[in-house]
Amino acid sequence: MEKWRIIPFNRFNAFENMAIDEAIFKESQKGNMPPTLRFYSWERNTVSIGYFQNAKREVNLDYCNENAIDVVRRPTGGKAVLHENDLTYSLVASEKNENFSFDIMETYRVISECLIGGLRRIGIEAEMMAEGRPRPRTKETIDAYCFSVPSQYELLVNGRKICGSAQVRAKGTFLQHGSILIDIDPVNTCSAIMIDDCDTENGPERLMKSVTSIRENIGDGVTIEGLCKGISENFKKRLNVQLVAGEITPEEDSLKKLLLQNKYATDLWNLEGKWKNGN
Amino acid sequence: MSVFPDDLLYSREHMWVRVDGNITTVGITDYGQEKLGEILSIKLPKADSSVEQDEPFAVIESSKTVDELISPVSGDIISVNEDLSDDVGIINSDPYDTGWMIAVAIKDLSMLDNLLDSYEYGDYVDEEEEAV
């Protein structure tokens, strides 16, 4: 049975969270690390934006600043997420791993199957989006929010998105991020992220037609640790792997510190998408 | 069904190279763009910089993922396809012509020996497809 590393749930600030994930991703590209599943949350409320998003256009930076919301740019693609009360996971593995595939969408499907089973263990019946819905792509429309539109194989409960995900791939390795909503504050979300028509009086109400949360479905009966356990157990069962608890290696820790200093703790990266020693 | 013109060289990271003396033009293969899906954005290097063979030179975003593009050659970038900033979709629709990415002046032609011809690349893609 293949051994994976699982880094147990912990809370870090936004910049450390992204530096840790990229360090794991980069070290895995050298080819001698097992697949790594990591669960985490965020010390302060955070808006994470996708690699290519325009922070100044797609995030209300003044609102975030006034309300102590950190803004960090992810190494993965996709749209913005407000991490207020969610469980975030990251999964790093080789494209050549027998459970995954060179086919990008197949990787999303396999991971979503694992998550569905994990959510079922806590009493939530989620389903995979069969076909992605196209985003409106006019220059006038700003739809910067990850949960506005489900992509193929993302998870829905009664037609509303409960988990968003995004990937980056390099040198035969992928990193997938996902955010499972435990609860959502639609007013705060509409204020922090530029979402089309969301700044109107009934904007938050309309937002809730596309998004849902664990609390809305089953109340407060589940702890974050219980959720992590449910999902972990289902990864083990679905993929027939052994999850071995571990921490990041000294090499990953050194790289994390470097990435934190030169990239993730800088406005240059988070607001402009550039970094020292990068482009 | 992906197309691989036989006047180009190819890397295992799904990039193509057109050689004209010591000037090479680089882009993504038809198979590479199909694998990524709809291309949404690309970040290319500046025209006065250099690239290293087998090292990342650009980042591309599709509807499915963000992907680092790996340079098939080493050398000085002499030109960057500015048209991609207006319409990145031409990478999907015309990957071997108007969807080119960078032109690179190379010093050592022997680095091209590391690349595949169209038949070898076709076989490599078949193997990758069988592994899916």
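Residues numbered from 1 in each chain as written. Chains lettered and ligands numbered in written order. Predicted model: local features only at pLDDT ≥ 70, side-chain atom pairs only at ≥ 80, totals over all residues. Heavy atoms only, no water.

**What to know about the overall build of chain B**
- Of the regular secondary structure elements, chain B holds 3 helices and 9 strands.
- Taken from the N to the C terminus, the helices and strands of chain B come in the order β-β-β-α-β-β-β-β-β-α-β-α.
- Taking 132 residues into account, the globule formula puts the C-alpha radius of gyration at 14 Å, and chain B, at 14 Å, falls close to it.
- Counting only C-alpha atoms, chain B reaches 35 × 35 × 20 Å along its principal axes.
- The burial tally for chain B puts 55% of its 132 residues in the buried class.
- Considering only contacts in chain B between residues 6 or more positions apart, those separated by 24 or more positions represent 63%.
- On chain B, roughly 6,200 Å² of surface is accessible, and the fraction owed to carbon and sulfur atoms is 45%.
- Between the averaged position of the 7 positive side-chain charges in chain B and that of its 31 negative side-chain charges there is a distance of 6 Å. (Helix = DSSP H or I, 4+ residues; strand = E, 2+ residues; numbered from the N terminus. Rg over C-alpha atoms; globule rule 2.2 N^0.38 Å. Buried < 20%, exposed > 50% of the residue type's maximum accessible area, 1.4 Å probe, protein only. Contact = heavy atoms within 4.5 Å. Areas by Shrake-Rupley, 256 points an atom, 1.4 Å probe, with all protein chains shown as cover. Lys, Arg positive; Asp, Glu negative; His and termini not counted. Charge placed at Lys NZ, Arg CZ, Asp CG, Glu CD.)

**Digging into the interface of chain B and chain A**
- Contacts between the two partners involve 22 residues from chain B and, on the opposite side, 22 residues from chain A.
- In total, about 1,800 Å² of surface goes out of reach between chain B and chain A, with carbon and sulfur atoms giving 58% of it.
- When the area that chain B buries against chain A is broken down by residue, the three leading residues are Lys43, Lys64 and Val66 of chain B, summing to 32%.
- Counting the contacts that link chain B with chain A gives 1 salt bridge.
- Lysine 171 of chain A is the salt-bridge partner of glutamate 55 of chain B, the closest N and O atoms lying 3.6 Å from each other.
- Elements with a contribution of two residues or more to the side of chain B that touches chain A: helix H1 (30-36), strand E4 (39-43), strand E6 (56-62), strand E7 (66-70) and helix H3 (118-131) of chain B.
- Bridge analysis of strand E9 (residues 160-170) of chain A against E7 of chain B gives 2 bridges, and the strand direction is parallel. (Buried area = accessible area lost by both parts, 1.4 Å probe. Salt bridge = Lys/Arg side-chain N within 4 Å of Asp/Glu carboxyl O. Pairing = 2+ DSSP bridges.)

**Details of the pattern of salt bridges**
Residue and element names in this part refer to chain A.
- Within this structure, the stated rule accounts for 22 salt bridges over all chains.
- Between glutamate 16 and lysine 256 there is a salt bridge; the shortest N-O distance is 3.5 Å. With a gap of 240 residues between them, glutamate 16 in helix H1 (residues 14-28) and lysine 256 in helix H9 (residues 250-264) connect regions that are remote in the sequence.
- For lysine 256, a relative accessible area of 10% gives the class buried.
- One salt bridge connects arginine 109 with glutamate 113, and the closest N-O pair in it is separated by 2.4 Å. Taken together, the residues span about one helical turn, with arginine 109 and glutamate 113 both in helix H4 (residues 104-121) at a distance of 4 residues.

**Thoughts on the environment of alanine 265 of chain A**
- Along the chain, alanine 265 of chain A turns up in the loop between H9 and helix H10 (267-272).
- Every residue in contact with alanine 265 of chain A, bar those within four places of it in the chain, is listed here: Phe15, Leu260 and Asn270 of chain A.

**Points about the pairing of E6 of chain B**
Residue and element names in this part refer to chain B.
- The buried fraction of E6 is high, at 6 of 7 residues.
- Where E4 meets E6, 4 bridges bridge the pair, whose relative direction is antiparallel. Within the sheet, the bridge partner assigned to isoleucine 39 lies in E6 and is serine 62.
- As paired elements, E6 and E7 share 5 bridges and run antiparallel to each other. Pairing of isoleucine 60 across the sheet is with aspartate 67, part of E7.

**Concerning a negative patch on the surface**
- A contiguous patch of negative charge, built from Asp103 of chain A together with Asp6, Asp7, Glu34, Asp117, Glu120, Asp123, Asp126, Glu127, Glu129 and Glu130 of chain B, is present on the exposed surface.
- The leading source of residues in the negative patch is H3 of chain B, at 6 residues.
- Of note, glutamate 130 of chain B is situated in helix H3.
- For glutamate 130 of chain B, a relative accessible area of 66% gives the class exposed. (Patch = residues over 30% accessible without salt bridge, like charges linked within 9 Å, V, L, I, M, F, W, Y side chains within 5 Å.)

**Considerations on the packing of aromatic side chains**
- This model, assessed by the stated rule, comprises 11 aromatic pairs over all chains.
- Where phenylalanine 4 of chain B meets tyrosine 10 of chain B, the ring centres are 6.1 Å apart and the plane angle is 75 degrees; that geometry is what we call edge-to-face.
- Relative to tyrosine 121 of chain B, the ring of phenylalanine 4 of chain B lies with its centre 4.8 Å away and its plane at 80 degrees, an arrangement referred to as edge-to-face. Note that phenylalanine 4 of chain B is positioned in the segment before strand E1 (9-10) and tyrosine 121 of chain B in helix H3, a separation of 117 residues in sequence.
- Each residue in the set Trp4, Phe100, Phe174 and Phe235 of chain A is aromatic and connected to the rest through ring pairs, giving one cluster.
- Of note, arginine 73 of chain A hangs over the ring of tryptophan 269 of chain A, and the distance from its end group to the ring centre comes to 5.8 Å.
- For the cation-ring pair, lysine 263 of chain A lies above tryptophan 269 of chain A, with the distance from its terminal atom to the ring centre recorded as 4.4 Å. (Phe/Tyr/Trp six-rings, centres within 6.5 Å; stacked < 30°, edge-to-face > 60°. Lys NZ or Arg CZ within 6 Å of the ring centre and 35° of its normal.)

**Here's the deal with the side chain of arginine 169 of chain A**
- Position of arginine 169 of chain A relative to the elements: it lies in strand E9.
- Using a relative accessible area of 1% as the deciding quantity, one classes arginine 169 of chain A as buried.
- At 2.9 Å, the side chain of arginine 169 of chain A and the side chain of threonine 107 of chain A are in polar contact.
- Those residues within four positions of arginine 169 of chain A in sequence are excluded, and the remaining contacts are Phe25, Glu95, Ser101, Phe102, Asp103, Ile104, Thr107 and Phe174 of chain A together with Thr65, Val66, Asp67 and Glu68 of chain B. (Polar contact = N/O pair within 3.5 Å; in protein donor to acceptor, adjacent residues only side chain to side chain.)

Read these as spatial facts, not as claims about activity.
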